[in-house]
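Below are the chains, spelled out letter by letter.
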Amino acid sequence: MPPVSVDGSLEKLRREGHIVIVGASLAGLRAAETLRDEGFTGTLTLVGDEPHDPYDRPPLSKQVLLGRVPADHTGLPRRRALDARWRLGVAATGLDLAAKRVHLADGDSLEYDRLLITTGVRARPWPHELEADLDGVFVLRTSDDAAQLHRRLNAGPSRVLVIGAGFTGSEIASACRERGLDVTVVERGSAPLVGALGGVVGEVAAKLQREHGVDLRCGVMVTGLEGDSAGRLRCAHLSDGSTVEVEVAVVGLGATRNTEWLASSGLGAGPRGIACDAGCRAFDVRGIVTDDVFVAGDVARSPHPLFGYQFLSLEHWGNAIAQAEVAAHNMVSSSTERRPHVWTPSFWSAQFGVNIKSVGVPPMADEIIVTQGSLDERCFTAAYGYQGRIIAAVTFDQAKWLEFYQRQIEQAAPFPPEFTTVDRRPEGMRPVPADFPDPSLPSHGPTVTLSGHSPSDRRISFTPLHA
Amino acid sequence: MRLVVDLNRCQGYAQCAFLAPEAFTMHGDEALMYDPQPDDAQREHVLRAAQACPVKAITVEGTDGALIAERAGASRVG
Ligand code: SF4
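Every residue gets a number counted from 1 within its own chain, in the order that chain's sequence is written. Chains and ligands are labelled sequentially in the order written, the chains with letters from A and the ligands with numbers from 1. The predicted origin of the model limits local features to residues at a pLDDT of at least 70 and limits the giving and counting of side-chain atom pairs to 80 or more, whereas totals for whole chains, interfaces and linings rest on all residues. Based on all heavy atoms of the structure, the side-chain values leave hydrogens and waters out of the count.

(A) A look at the overall build of chain A. Numbering of helices and strands runs from the N terminus, with a helix taken as a DSSP run of H or I at least four residues long and a strand as a DSSP run of E at least two residues long. A tally of helices and strands in chain A yields 8 helices and 30 strands. Under the scheme applied here, a residue whose accessible area is under 20% of the maximum for its type counts as buried, over 50% as exposed, and between as partly exposed, the area being computed with a 1.4 Å probe on protein chains only. With 467 residues in all, chain A has 60% of them scored as buried. The contacts in chain A between residues at least 6 apart in sequence include a share of 65% that link residues at least 24 apart. Here chain A displays about 17,800 Å² of accessible surface, and carbon together with sulfur accounts for 50% of that area. It only takes one pair of heavy atoms within 4.5 Å for two residues to be counted as in contact. Computed with a 1.4 Å probe, the accessible areas rest on the Shrake-Rupley method; for each residue, only the protein chains presented here act as cover.

Written out as structure tokens, the structure reads:
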């Protein structure tokens, strides 16, 4: 049944309106498909700053760096025909909320009836500009980044430096080792993945890296990158006074949200992302929700009922799709038919031959318990607890258990878990502190950033990360 | 042909790697590594793999009816 609206304006929008999507990556593409699935027959325009067809990023740090898949072979499959106008290779530079117009870098502008913002994030560059420009210094976010880095790895550098041992940095280190390259990983936290998974699991990740021959240095920062007279990277200086000779450095210091173009728009956009309600409608700077501007994907910050209505920014593949689908549905639906975005955070990483998966929000946790398997065997399931309930779980090569824990999280099941587990080892008998770093200290980006206050507990406040 | 695997859903059952080894391989015990753009000659195998996946994690372009991949470039404006 077509949605009814008092003045018929919704039908008109669905029939002949103009919807503009700024951000032509995973979230933008899936939103566009959903709009057509929902029966939107008006004009659909996708704007993307990269010149490429929407492509998938997770393979870039894995298959592509390993040389199994060319960097330009990760284009996302279409779920359906789109009949869209594409403005690729041109960035949006401004938004006029009153005139309902998006300004583009080529001087053009697009008028919209509804706007969806899916501009995502970009890699945070090495903060020192001259050093960042040295030949041999890379970031890894786009397929062009991956193509360049892959080419350089093919040349067989004597040593690769990975700065920051978050998921991307760890995956890059893994690919380098698999290719037989010498790798030094420098992480300012106490262990790899510590910001995302805490110290207990971080310790396992550290052992994994060292077993695979990574020269891992934790609790250390890179203080400077030095080039030779030809401007080629020669070595890195570390905060412990040591120097590492490297030909390639990959900066894995997390991501920056692409919101600068909205700076004077009046939209509630900043370094943490764009705040929106559970229905993906953007807030303006006054904290009033807009009715024609929607947000989805990595750039969005939305309140999650499972986690005390805190605003979550999730740089997660699955979140981008789920949120895009909800946003698209809501853009062409009347208010009573709108849906909330209540996706349970989930992500995966493959590194050093291990499949790591997580569900929920581990950085919220204060305690962790190993419920199955064994940390020493790198094959386990661990549950995270926060104030007596399960709020996250992580598996190393035990993905099959994750769905069970997802239900536990969604039902706010008690922590420590009351069920008897199939395979409980001594280390799993008692919860221990989850050991997350102080969130106010900068580190490489955890994949989940929490901010704002939960109504039931005002203690939790996660600050944005800066390089 | 283009494909993507929802690795949140994938549980590493490896049916796909068995049915279309050119496109899907296991990396370690549980991690799936796939070719997002396998050769069209693999189409039969890939479609069979997608169908066999117990958690329906594999999306292959052009399996819903008659969609022939329209490339962004073809309809690019401006
Ligand atoms: S068949 Fe499905 S679940 Fe199994 S490995 Fe392949 S994609 Fe994953």
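Back to the write-up after that little detour.
(B) Geometry of the confidence of the model for chain A. Note on scores: pLDDT gives the predictor's confidence for each residue, bounded by 0 and 100. Counting all residues, the mean pLDDT for chain A is 90, and 90% of those residues have values of 70 or more. Within the model, the stretch residues 441-467 of chain A combines pLDDT values under 50 with 77 contacts to residues more than four positions away or in other chains.

(C) Representation of the nonpolar core in the model. Only buried residues count toward a nonpolar core. Its members are Ala, Val, Leu, Ile, Met, Phe, Trp, Tyr and Cys residues joined through side-chain atoms within 4.5 Å. L197, F380, Y384, V394 and F396 of chain A are the most contacted members of the largest nonpolar core, which has 73 residues in total. When residues in this core are grouped by element, the largest group, 8 residues, is from helix α6 (residues 194-211) of chain A. With sequence-adjacent residues up to four places away left out, L197 of chain A is seen in contact with F167, F347, I356, S358, P362, Y384, V394 and F436 of chain A. Judged by nonpolar contacts, the second largest core, of 53 residues, contains L10, I21 and L82 of chain A together with L7 of chain B.

(D) Fine view of helix α1 (residues 9-16) of chain A. Residue and element names in this part refer to chain A. Taken together, the buried positions of α1 are occupied by L10, L13 and R14. Taken around the axis of α1, the buried residues stretch over an arc of 95°, which confines them to a single face. The secondary structure elements touched by the buried residues of α1 are β7 (114-117) and α7 (317-331). This arc describes the spread of directions from the helix axis toward the C-beta atoms.

(E) How the structure looks around unusual backbone geometry. Residue and element names in this part refer to chain A. In this model, F415 is joined to P416 through a cis peptide bond whose omega is -5°. Assignment of secondary structure puts P416 in the loop between α8 (402-410) and β29 (432-433). The phi angle at D83 is positive, at roughly 50°, despite the residue not being glycine. With a relative accessible area of 63%, D83 lands in the exposed category. Positive phi values are uncommon outside glycine, yet F352 reaches one of about 50°. If you trace the backbone, F352 turns up in the loop between β24 (346-351) and β25 (354-360). Owing to a relative accessible area of 6%, F352 belongs among the buried residues under this scheme.

(F) Region of interest: the pairing of strand β22 (residues 300-304) of chain A. Residue and element names in this part refer to chain A. Among the 5 residues in β22, 5 count as buried, and that is most of the element. Strands qualify as paired when DSSP identifies two bridges or more between them. Strand direction decides the pairing type here: strand β19 (residues 273-275) and β22, joined by 2 bridges, are parallel. Considered in β22, the bridge of I274 is made with A300. One ladder, built from 3 bridges, connects β22 with strand β23 (residues 310-314); its direction is antiparallel. If you follow H304 over to β23, its bridge partner there is Q310. Here β22 folds back onto β23, and the loop between the two strands holds 5 residues, one of which, G308, carries a positive phi near 65°.

(G) Layout of the site of the ligand. Taken together, 13 residues lie around the ligand, and C10, Y13, A14, C16 and C53 of chain B are the ones closest in. For the shell around the ligand, the per-class residue count stands at 10 nonpolar, 3 polar and no charged. Near residues are defined by distance, with any heavy atom within 4 Å of the molecule or strand qualifying the residue. All amino acids are sorted into three groups, where Ala, Val, Leu, Ile, Met, Phe, Trp, Tyr, Cys and Pro are nonpolar, Asp, Glu, Lys and Arg are charged, and the leftover types, Gly among them, are polar.

(H) Looking closely at the domain arrangement of chain A. Residue and element names in this part refer to chain A. Domains assigned within chain A are domain 1 (9-122 + 256-337), domain 2 (125-253) and domain 3 (346-436). Taking only C-alpha atoms into account, the centre of domain 1 sits 32 Å from that of domain 3. Taken residue by residue, the interface counts 8 residues in domain 1 and 11 residues in domain 3. As a working definition, buried area equals the accessible area (1.4 Å probe) given up by two parts on being put together, with both sides summed. Both sides together, the interface formed by domain 1 and domain 3 hides about 810 Å², and carbon and sulfur atoms give 73% of it. If you sort the residues of domain 1 by the area they bury against domain 3, L306, F307 and H316 come out on top, with a joint share of 60%. Of the residues belonging to the side of domain 1 that touches domain 3, the class tally is 5 nonpolar, 2 polar and 1 charged. Domain start and stop points were drawn from an automatic or database domain assignment.

(I) Main features of the sheet that holds strand β14 (residues 233-238) of chain A. All names here are of chain A. Ordered in space as β13-β14-β15, the 3 strands form an open sheet in which the pairing is antiparallel. Bordering the open sheet on either side are β13 (222-227) and β15 (243-245), each of which pairs with just one other strand. Within the sheet, the average angular offset between the axes of one strand and its neighbour, ignoring direction, is 20°. Judged from the 3 bridges that link them, β14 and β15 form a sheet pairing that is antiparallel. When the bridges of β15 are listed, A236 appears paired with V244. Interaxial angle, 0 to 180 degrees, is taken between N-to-C directions of lines fitted to C-alpha atoms, where a helix line uses only the stretch in contact.

(J) Main features of the interface of chain B and chain A. Counting residues at the interface gives 34 residues for chain B and 43 residues for chain A. Summed over both partners, the interface of chain B with chain A buries about 3,000 Å², with 51% contributed by carbon and sulfur atoms. Within this document, salt bridges are pairs made up of a side-chain nitrogen of Lys or Arg and a carboxyl oxygen of Asp or Glu, the two lying within 4 Å of each other. Counting the contacts that link chain B with chain A gives 1 salt bridge. Notably, a salt bridge pairs R2 of chain B with D53 of chain A, separated by 2.8 Å at the nearest N-O pair. We define a polar contact as two N or O atoms separated by no more than 3.5 Å, with the added condition that, inside protein, one atom must be a possible hydrogen donor and the other a possible acceptor, whereas residues neighbouring each other in sequence contribute only through side-chain atom pairs. Connecting chain B to chain A are 11 residue pairs in polar contact (both at pLDDT 80 or more). Residue assignment for the side of chain B that touches chain A shows that the elements contributing at least two residues are β1 (3-5), β2 (24-27) and β3 (31-34) of chain B.

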